[in-house]
Every structure is written in C-alpha cells, then in structure tokens.
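Chain by chain, the residues run as shown.
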2 protein chains.
Amino acid sequence: MRITVLAGGVGGARFTRGLLHHLRADGVTGKEVTVTIVVNTGDDLWLNGLRVCPDLDTVMYTLGGGIDEDQGWGRADESRRVASEIEKYGRGWPWFLLGDLDLATHVVRTDLLHQGRTLSDATDLLCRRWRPDARLLPMSDQPVETRVRLAAGVDEHAAGETIHFEEWWVRYRARVPAAGFVQDGVASAEPAPGVLEAIHDADLVILPPSNPVVSIGMILGVPGIRDAVRAASAPVVGVSPIIGGAAVRGMAGACLRTIGVEPSATAVAEHYGARSAAGLLDAWLVDDVDAGSVPVLEAAGIRSAARPLWMRDVPTTAAIAAEVLQISASV
Amino acid sequence: MRITVLAGGVGGARFTRGLLHHLRADGVTGKEVTVTIVVNTGDDLWLNGLRVCPDLDTVMYTLGGGIDEDQGWGRADESRRVASEIEKYGRGWPWFLLGDLDLATHVVRTDLLHQGRTLSDATDLLCRRWRPDARLLPMSDQPVETRVRLAAGVDEHAAGETIHFEEWWVRYRARVPAAGFVQDGVASAEPAPGVLEAIHDADLVILPPSNPVVSIGMILGVPGIRDAVRAASAPVVGVSPIIGGAAVRGMAGACLRTIGVEPSATAVAEHYGARSAAGLLDAWLVDDVDAGSVPVLEAAGIRSAARPLWMRDVPTTAAIAAEVLQISASV
C-alpha cells in the first residue's frame, strides 16, 4: 500500500508520525505500506547565506526523533551560540534565531546546493541520518517563496509591500493584516521528481491537519500538483486543522481570513471542495465538537465523520490516522 | 608613524599584539602610530561550504580579545556542537573541527562572499566587531591556495599528489614528507587593495616570527609584494621564528627542510636575504641563545642583535617589539 501525504510543518509532521506509528507499531494493515510526504517549501528562506527549510526540517526531525517536542519545531536540547555570535556581527534577522544543532542541517544543505545538487538530493542525504521511515519530497526543487502582501504598513514596510512569509509569521505573529499571499516563482516551478508519481500511484492521498492556505495551499499551487490530486485514482482524505472554530495550533485563522475563508471545519472542507464538484476531497474528518459539519459536508458530496482530532500524543494521533484509513475505505 | 607587518597565524598575531601593547600601553613613541597587518590567506579553505580563513581569524581574535590563549587559535570558551552534528551527516573533515563561536565568523564571511563582496570587505566588516586596533588586509582577494606536494603516499593520497596545506598541517601534523609547496592560483592573483600602498608608505616593515615558508613566504609569493618590500623606503626588520634550532611554535622546521633551508636563526635570515644583496632584510633579531648568528649575519649585510625572543606573554612580547623599533632606528 502506498500512502502520500501533503504536509506543512508541525501539524503535518505530527500527523504523519501518528500515521507511521499506526502502520508500524499497531501493525494493523498486515501488508507493506510506504509513506511519501510532499512537503511545503514556500517558507524556505536564505538566512545569513544558509538555506533554511522550516517545514522539511520539522517533518524530518519529528519523524527522526530529533524534534523539540514542546515547541513542535527545531531540535531538542538546542542552544543558540552561533546565532548569538552572528548577531554580534550585526547580521541576520534577530527575530529568527537559528539553533546550533539545527544550523548543522542548514550548513550541510547549503553546501550541497552550492555544489549544484537539488533540494531533493539534499533532502535525501539529510534523511540518511534521520531515517524518517518515509520518503520526504520537497514540493519543488525550484524556490517558490510564499510572500505576504501587507494590508497595512508596519515598521520599515509600507502597505501593499510583500514580505517573506516567515517575517509575517514569526516576526509579526500573523497579527499584521494581510491582503493576500503570493507564490513568488511559482510560474516557472515544477513539482520535484517523484511528486506527481507519488500522487498518481498512491492508494491513499491524505491532506493532514496542516495549514490549508500557506502549507497545503502552496503545495497545491505548484503547477501540476492540484491536477494530480484531482486526477488521483486513490481516495483523497483530509483531516480538519480547525477544531471548534480555532486552529489546532498556530495561526491558521489569520491565513484563512486573509483569503476569505471562515476558520471552521466546514469552510475549510468547502475550500478544498468535493472531488465530485471539481474539488479535491473524497472524505473529511472533523472533530467531535464539529459534528454539525458532517451532514452539511455529506450533502456537498464529501464523505465525513466526526472523531476526536486533538493530536495530544503519538497514540491519540495514531488513532486519528486509523480513522483516516477507515473512512478512506468507505468512499 | 606607519608600521606594516606581514603575518601568518599564531606567531604573527602574538607578535603584533605585543607591538600594539608597546605602542599603546607603553606609549613610548609619543606620536600616532597606525599598524597594518598583511595576512597570509594561503591556508584558507572551503569547509562544508564555508570559507575559513585561519590566519586572518587568528590575528583578528588575538587582537580583539577573543582568542583561545592556550591553543593560540580559535575562540575562547569554545564548543563544537555544530561540527559534531555535521559529522553525523557524514560531511566535512573530521580532523578539522570548527568551533561554534568560530563558525559564526565563517557563516558571516561566506554570506558576504556569496553576495559578491571581496575578502577585504568581509574582513573589514568582521573587524568592526573585534576592533583589532590595526588594519587587517588579506594578502590577496583572490584565492591563492597553499598546497603540499607529497614526497610519499599516505592514506588515500599517492606520492607526488598535492593536498591542501591544512590537511598536511592539521591532519598529518607536517609529519608526512613533503616534496615542496605550491601556490595554487598565484599567477592570476593580485595584492589586495591597500597592500602595496601599506608597504610603500610604511615607516617600518616587520617580518614577525611567523612561518617563513608557508606564512610570510606565501605573502611574498603574491605577484608584486616581494618587489614592494624590496623597494620599500622603510627599514625591513625581521624577528627569528627559530630559537636554538627549533621553531618557537608549530612545525616550521618541516617546512624549512622541505625547501632546503636549515631550521636555524642564521639560515632563515639568509633565506630572506640582505636588502643590500637583493634580499629583504635590513635587520634581524635572534634570540640570546643564537648570539653566534649575529657576526655571521652582520657580515652578510644584515644588521643583527641577540635579544630574548620567547613570546611568553604580552609584556615580554611588547619588549621584543620595542627591540624591533630600536634596531630599525639603527639601519
């Protein structure tokens, strides 16, 4: 069985860890399952000349056992000696500090990229150490940068200007009104090698509880990927990142409102759309508190079920993954 | 008064610190003195995609108060978290570990170089933090790499092959027989901006107790620099790096023997040569134990004196610098 997951950072990483736990530890399927994760690279940035890939690294560290569990991103047992030295040189973005252990990943990746290797290659090499038990694919080997068009000026930025997503997200905590998101470089980007095949050949495609706008939305924005999901022979199952009107984690609400989507389990599913109506979803899981969404979405052609969706720990997340497998069998 | 020093790493750095102490703390000259240090960049290397400049950094840290005093190179209070992570990715040279604090310097410099800035510019910017109280100039902005031609095979290297100087020095502790040194890229290299002027305009040129072959020799090998020293209107004074037949520090003996020069205070001075005989030196300081050299060198046209030359600490080194100023006044 082949499962393909489209993922951003923390939410997608934790969901996939639960999925792998369900598949390996619970051993429920009784057959070999390979998992491919197509990861958002829109948040990638150059920082002090180093290529930083927040989502790829969050997924890699989470699945490889190196993640800072409390934060959800970055390395456990982290320190910031190099970053504080770099600051003393007056360089870098003081609001985006790099940990020392994390920095090693960026140094190795940047070295490979400067040698002419692709981001896919670099990711492969980094994963040889972390052995994530899944294949990690960047959504594209070309840089496609998520930028935020500001609705209002802030600090040195004028209204209407675009800033890197990480600046909006990390520096401004998504609190500066955004007029929209731009995928810089997307027109000439291609899905990374293996991405379209992973979707085409999948027995199940999952949209985990990642940010529907700036994570999964950016993956779907790479030319060819949305069409591939729509054309997939496998069922496409999503897990709501919204529980009771609030993003499970992070500031997804601000992103949804920016594109005119209400932050609710129903509205996000409708934003993805039913495959039967030229959308993406065959099925959708909402949390128990959003059980009222189920009949609405079923009427819209999306097979739906209400289940406990808080990813409190690996076992509860594995149970959510089990529900995804189960509902996928019913579409 | 303008003093120009041609320096390698530890020896040149410590000497120059003593010189500055003499000029500033002792305040003997009573007039404004500026010090320019032309630094060997032949040992520079790319390591994990980062540009490492061992001699520039040793001089900068020593004069800026950041040096590891015991080692003589690298940063005080250093750790190696990033390097040990990089090793886990199977990358890098395990015999050349980078410290975390030191790494910040390389990250900033590499970022600047990739932005198209010169090594001179990058050095300026780094020095804004360290305020070395002297102007540091790389010998050249073009990479000129000191490579060692092996006289015998070792590990994966065959006899006759050339390897980077740092590999020979750090990995093999200069114990693998060398057939010679090569300055890769020297033909198309130019002195960095300001180097020739600093020599031409100097009131005193000093060859400190740096390695005469792979430090000062490499600086002199950059087209134009040796001629500039020979043509300088200022006296050129050297300090012997050899005391009683042994290099004060490091493995200079192996370098000297490789080029057929006996490791002695006399032979090194003769290797530089008297200016009156198309060489470089007007004067030369030897240690008290090498007092026998003095009449030999005086006969060869090099004003010489025997003085205590062990750079035990800053005050004793300042005293050596005072002797350099003194002998320079007598030529």
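Treat the numbers as computed from the prediction; the structure is a model and nothing was measured.

Analysis parameters
- Residues numbered from 1 in each chain as written.
- Chains lettered and ligands numbered in written order.
- Predicted model: local features only at pLDDT ≥ 70, side-chain atom pairs only at ≥ 80, totals over all residues.
- Heavy atoms only, no water.
- Least-squares fit on C-alpha atoms with pLDDT ≥ 70 in both.
- Contact = heavy atoms within 4.5 Å.
- Axes fitted to C-alpha atoms, helices over the stretch in contact; angles between N-to-C directions.
- Helix = DSSP H or I, 4+ residues; strand = E, 2+ residues; numbered from the N terminus.
- Parallel < 35°, antiparallel > 145°, perpendicular 65-115°, else oblique.
- Left-handed = near helix turned anticlockwise from the far one by under 90°.
- Nonpolar A, V, L, I, M, F, W, Y, C, P; charged D, E, K, R; others polar.
- Pairing = 2+ DSSP bridges.
- Buried area = accessible area lost by both parts, 1.4 Å probe.
- Salt bridge = Lys/Arg side-chain N within 4 Å of Asp/Glu carboxyl O.
- Domains from an automatic or database assignment.
- Polar contact = N/O pair within 3.5 Å; in protein donor to acceptor, adjacent residues only side chain to side chain.
- Buried < 20%, exposed > 50% of the residue type's maximum accessible area, 1.4 Å probe, protein only.
- Core = buried A, V, L, I, M, F, W, Y, C linked by side-chain atoms within 4.5 Å.
- Expected span 1.5 Å × (residues − 1).

(A) Representation of the relation of the copies chain B and chain A within the structure. Aligned on chain A, chain B shows an RMSD of 0.0 Å; the corresponding rotation is 180° and the shift along the axis is 0.0 Å. Overall, the copies show the geometry of a two-fold rotation axis. Taking C-alpha positions as reference, the residue of chain B nearest the rotation axis is Asp100(B), located at 3.8 Å. Take the interface residues of chain B: 100% of them recur as interface residues in chain A, which is what a same-surface contact looks like.

(B) A look at the packing of helix H2 (residues 54-64) of chain B against helix H4 (residues 100-114) of chain B. All names here are of chain B. Axis separation between H2 and H4 bottoms out at 12 Å; the angle between their running directions is 120°. Accordingly, the angle class assigned to the pair H2 and H4 is oblique. When you trace H2 past H4, the crossing you get is right-handed. Contact with H2, carried on its side by Asp57, Met60 and Tyr61, involves Asp102, Thr105, His106 and Arg109 of H4 and no other residues of that element. Residues belonging to the contact of H2 with H4 are distributed by class as follows: two nonpolar, two polar and three charged.

(C) Structural context of the sheet that holds strand E6 (residues 145-150) of chain A. All names here are of chain A. Across the sheet, three strands lie side by side as E7-E6-E8; this open sheet has antiparallel pairing. The strands lining the two open edges of the sheet, one partner per strand, are strand E7 (162-164) and strand E8 (178-184). Within the sheet, the average angular offset between the axes of one strand and its neighbour, ignoring direction, is 35°.

(D) Quick peek at the sheet that holds strand E7 (residues 162-164) of chain B. All names here are of chain B. Spatial ordering of the open sheet is given by E7-E6-E8, a layout of three strands whose pairing is antiparallel. Whereas interior strands pair on both sides, the edge strands pair on one side only; in this sheet they are E7 and strand E8 (178-184). In this sheet, adjacent strand axes meet at a mean angle of 35° when their direction is disregarded.

(E) Quick peek at the interface of chain B and chain A. At the junction of the two partners, chain B supplies 31 residues and chain A supplies 31 residues. Regarding the contact of chain B and chain A, the summed buried area is about 2700 Å², with carbon and sulfur atoms giving 59% of it. The largest contributions to the chain B side of the interface with chain A come from Arg81(B), Tyr89(B) and Arg91(B), which together make up 29% of the buried area. In this assembly, chain B and chain A are joined by eight salt bridges.

(F) The domain arrangement of chain A, seen in detail. Residue and element names in this part refer to chain A. Its domain assignment divides chain A into domain 1 (2-141 + 188-329) and domain 2 (145-184). If you average the C-alpha positions of domain 1 and of domain 2, the two centres end up 22 Å apart. Counting residues at the interface gives 19 residues for domain 1, matched by 17 residues for domain 2. Each partner contributes to the roughly 1500 Å² buried at the junction of domain 1 and domain 2, and carbon and sulfur atoms together form 70% of this total. Contact with domain 2 buries surface across domain 1, with Trp95, Met251 and Thr258 losing the most and accounting together for 41% of the total. Our count for the domain 1 to domain 2 interface comes out at zero salt bridges. One can count three residue pairs in polar contact (both at pLDDT 80 or more) joining domain 1 with domain 2. Looking at the side of domain 1 that touches domain 2, the elements that each hand over two or more residues are helix H8 (216-221) and helix H10 (252-258). With four residues, H10 is the single largest residue contributor to the side of domain 1 that touches domain 2.

(G) Geometry of unusual backbone geometry. Residues other than glycine seldom take positive phi values, yet Arg131(A) does so here, at roughly 40°. Among the residues examined, Arg131(A) registers a relative accessible area of 67% and is labelled exposed. The residue Asp155(B) is not glycine, and still its phi comes out positive at about 50°. For Asp155(B), a relative accessible area of 56% translates into the label exposed.

(H) Spatial organisation of the nonpolar core. Grouped together as the largest cluster of nonpolar side chains are 112 residues, with contacts concentrated most on Ile3(A), Val35(A), Ile37(A), Ile3(B), Val35(B) and Ile37(B). In this structure Ile3(A) touches Leu19(A), Leu23(A), Val33(A), Thr34(A), Val35(A), Thr36(A), Leu204(A), Ile206(A) and Leu325(A), once residues within four positions along its chain are discounted. Ranked by size, the runner-up nonpolar core spans 58 residues in total, among them Ala202(B), Leu256(B), Ala269(B) and Val286(B).

(I) The pattern of salt bridges, seen in detail. Going through the model one piece at a time under the given rule, you end up with 34 salt bridges over all chains. The residue Asp203(A) makes a salt bridge to Arg2(A) at a minimum N-O spacing of 3.7 Å. Here Asp203(A), found in the loop between helix H7 (195-200) and strand E9 (204-207), pairs with Arg2(A), found in strand E1 (residues 2-7); they are 201 residues apart in sequence, far enough to count as distant. Salt-bridge contacts for Arg171(A) lead to Glu167(A); the nearest nitrogen and oxygen are separated by 2.6 Å. A residue pair is termed a helical-turn pair when its members lie 3 or 4 positions apart in one helix, as Arg171(A) and Glu167(A) do in helix H6 (residues 165-171) at four residues. Each of Arg75(A), Arg129(A), Glu85(B) and Lys88(B) takes part in salt bridges that share partners, so that together they form one network.

(J) Spatial organisation of the side chain of His157(B). Along the polypeptide, His157(B) turns up in the loop between strand E6 (145-150) and E7. Excluding anything up to four places from it in sequence, His157(B) contacts Leu150(B), Ile163(B), Glu167(B), Arg171(B) and Tyr172(B).

(K) Here's a closer look at helix H5 (residues 119-130) of chain B. Taking 1.5 Å per residue as the helical rise, H5(B) with its twelve residues ought to reach 16 Å, and the 16 Å between its terminal C-alpha atoms agrees with that figure. Counting buried positions along H5(B) gives nine out of twelve residues, so the element sits mostly inside the fold. Within the span of H5(B), buried status applies to Leu119(B), Ser120(B), Ala122(B), Thr123(B), Leu125(B), Leu126(B), Cys127(B), Arg129(B) and Trp130(B). Structurally, H5(B) contributes buried residues whose contacts are with helix H3 (81-88) of chain A together with H2, H4 and strand E5 (135-138) of chain B. Arg131(B) lies just past H5(B) and shows a positive phi near 45°.

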